[in-house]
Amino acid sequence: MVPAAPAAPARRGRLAAHGHNVFAEMSALAERYDAVNLGQGFPDTAGPDSVVEAAVRALRAGHHQYPPVPGLPALRRAIADHQRRRYGLDIDPDRETVVTTGASEALAAALLALTSPGDEVVALEPFYDSYAACATLAGATLVPVRLRAPDFTLDTRDLAAAITGRTRVLLLNTPHNPTGAVLTPGQLHEVAALARAHDLLVISDEVYEHLVFDGVHQPIAALPGMFERTVTLSSAGKSFSFTGWKVGWASGPADLVTTVREVKQHLSFAAGTPFQYAVAEALRLPEEYFTAATDSLRRRRDLMTDGLRALGFDVRPPQGTYFITADITPLGERDGMEFCRALPGRAGVAAIPQQVFYADPDAGRRYVRFAFCKRETVLREALDRLKEGLA
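Remember, it's a predicted structure, so these values are computed and weren't measured experimentally.

1. Remarks on the UniProt feature "domain: Aminotransferase class I/classII large" (unreviewed entry) in the chain
Then, number 1: Cross-referencing UniProt, the feature "domain: Aminotransferase class I/classII large" (unreviewed entry) maps to residues 34-386 in the present numbering.
Then, number 2: For residues 34-386, helix accounts for 40% and strand for 16%, while the C-alpha atoms at its two ends are 14 Å apart.

What follows is the structure, encoded as structure tokens:
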């Protein structure tokens with residue numbers, strides 16, 4: 001008798017459940033139909049000329065090789081100065097900062113460094129899709145705490161109920177992608193109290209820290225008893241409109257940052273030497289830059305919010321970020337994925353179905369996300385197309 005052939009080895013690893021990339025799918029549809037791409041969150045204009053010139057100077061000066069693994073000293077000093085100047089956080093640039101290949105790598109390195117298989121990571125839902133994927137890579141379980149619609153507010157009683165004996169990390173995101181919600185100082189104090197009471201670590205994703213239209217951004221690390229248990233993540237991409245440069249960072253107490261750096265060196269090792277020089281200068285831009293950038297985005301938020309409402313969407317203005325959440329049910333639509341897959345061909349506009357940001361897709365099926373970080377002429381063109389295509 002011929003023995004049975006052994007089973008074929010599995011061809012997909014632990015991220016098999018996270019294989020579908022909706023951003024790539026919607027961008028491909030946008031290209032196919034020559035649609036206005038309001039799906040992926042990247043600006044269509046460059047950042048400050050002075051920062052671009054700083055990158056050019058670094059290139060011409062011959063800065064083409066690996067930077068130090070923790071990041072260039074000039075950038076780490078700029079990060080520490082930024083945290084002290086804006087938030088009163090006294091950070092040692094040599095021991096309490098690490099530069100990463102975008103905030104995405106900072107997130108991955110932090111979760112891999114600070115969790116173990118079997119741990120639970122509590123995160124605000126809807127959540128950026130990398131959160132679940134990185135938790136899976138670490139062998140941890142992501143536990144969602146849903147922001148309450150229609151205003152996407154956090155009820156800290158829901159957060160408290162989600163904490164168990166296996167909870168290791170609170171993964172916080174404010175300003176929040178994809179909803180644009182900004183946690184209030186009162187909510188942050190309640191979150192901090194839970195972290196202290198349960199001796200939890202906090203990973204705080206603050207990549208939209210400079211893009212707040214209503215209220216103020218308050219880092220949780222600045223609250224009493226929180227710096228020593230918090231790793232704060234940010235990047236240059238959203239604040240300065242250089243998303244393709246992929247320069248991010250993590251900051252926090254030396255013991256936690258050291259473990260993040262030890263993981264990070266086995267991911268990208270180091271990257272972006274000339275861009276690191278440029279971002280060091282960007283972080284020292286005068287306050288007028290940040291005010292003007294926020295004011296410009298606020299005008300575009302209002303343009304897009306008013307335009308979508310006029311078309312029949314149910315929309316609430318986001319308090320921060322690049323994104324507007326729109327409820328499609330007033331249009332007679334029921335499924336955001338179907339709506340977004342048809343939209344480029346139907347109206348010449350691309351958006352993102354918000355259900356991909358939920359552990360239970362049904363919870364977000366009625367919502368779609370539009371990015372408004374585009375020129376006003378582009379947003380007006382998108383609204384005109386939507387008016388015609390949805391008529």
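What follows picks up the thread again.
2. A look at the pattern of salt bridges
Then, number 1: All told, the structure shown has 27 salt bridges when counted by the stated rule.
Then, number 2: Its salt-bridge partner being E25, residue R341 comes within 2.6 Å of it at the nearest N-O pair. Of this pair, R341 sits in helix 12 (residues 336-347) while E25 sits in helix 1 (residues 22-32); the two residues are 316 residues apart in sequence, bridging distant segments of the chain.
Then, number 3: The partly exposed category is assigned to R341, whose relative accessible area is 42%.

3. Considering the packing of aromatic side chains
Then, number 1: Going through the model one piece at a time under the given rule, you end up with 16 aromatic pairs.
Then, number 2: On the basis of an interplanar angle of 50° and a centroid distance of 6.4 Å, the ring pair of F23 and Y128 is categorised as tilted. Of the two residues, F23 sits in helix 1 while Y128 sits in the loop between strand 3 (120-125) and helix 5 (129-137), which places them 105 residues apart along the sequence.
Then, number 3: By relative accessible area, F23 is classed as buried at 9%.
Then, number 4: Relative to Y322, the ring of Y208 lies with its centre 5.7 Å away and its plane at 75°, an arrangement referred to as edge-to-face.

4. Notes on the sheet that holds strand 8 (residues 248-251)
Then, number 1: Read across the open sheet, the seven strands follow the order 2-8-7-6-5-3-4; overall the sheet is mixed. Lying at the two open borders of the sheet, with one neighbouring strand each, are strand 2 (97-100) and strand 4 (141-146). Strand after strand, the sheet turns through a mean of 20° between neighbouring axes, direction not considered.
Then, number 2: Two strands pair when backbone bridges link them, and strand 2 and strand 8 are joined in this way by four bridges, in the antiparallel orientation.

5. Section: the environment of V191
Then, number 1: Inspection of the secondary structure puts V191 in helix 7 (residues 185-197).
Then, number 2: Assessed through its relative accessible area of 1%, V191 is described here as buried.
Then, number 3: Residues V191 and T156 lie 35 residues apart in sequence; the distance between their C-alpha atoms is 6.8 Å.
Then, number 4: Excluding residues within four positions of it along the chain, V191 makes contact with L154, T156, L159, L170, L172 and I220.

6. Section: helix 2 (residues 49-60)
Then, number 1: Relative to the 16 Å expected for 12 residues at 1.5 Å per residue, helix 2 spans 16 Å between its end C-alpha atoms, a close match to the ideal helical length.
Then, number 2: Restricting attention to buried positions, one finds in helix 2 the residues V51, A54, A55 and A58. One side of helix 2 carries all its buried residues, which in axial view fall inside an arc of 95°. Projecting away from the buried face of helix 2 at angles above 90 degrees are the exposed residues D49 and R60.
Then, number 3: Of the residues flanking the end of helix 2, it is G62, one or two places downstream, whose phi is positive at about 90°.

Reading the values: rules and limits
- Residues numbered from 1 in each chain as written.
- Predicted model: local features only at pLDDT ≥ 70, side-chain atom pairs only at ≥ 80, totals over all residues.
- Heavy atoms only, no water.
- UniProt positions renumbered as here; feature names shortened; annotations may be inferred.
- Helix = DSSP H or I, 4+ residues; strand = E, 2+ residues; numbered from the N terminus.
- Salt bridge = Lys/Arg side-chain N within 4 Å of Asp/Glu carboxyl O.
- Buried < 20%, exposed > 50% of the residue type's maximum accessible area, 1.4 Å probe, protein only.
- Phe/Tyr/Trp six-rings, centres within 6.5 Å; stacked < 30°, edge-to-face > 60°.
- Pairing = 2+ DSSP bridges.
- Axes fitted to C-alpha atoms, helices over the stretch in contact; angles between N-to-C directions.
- Contact = heavy atoms within 4.5 Å.
- Expected span 1.5 Å × (residues − 1).
- Arc of directions from axis to C-beta.

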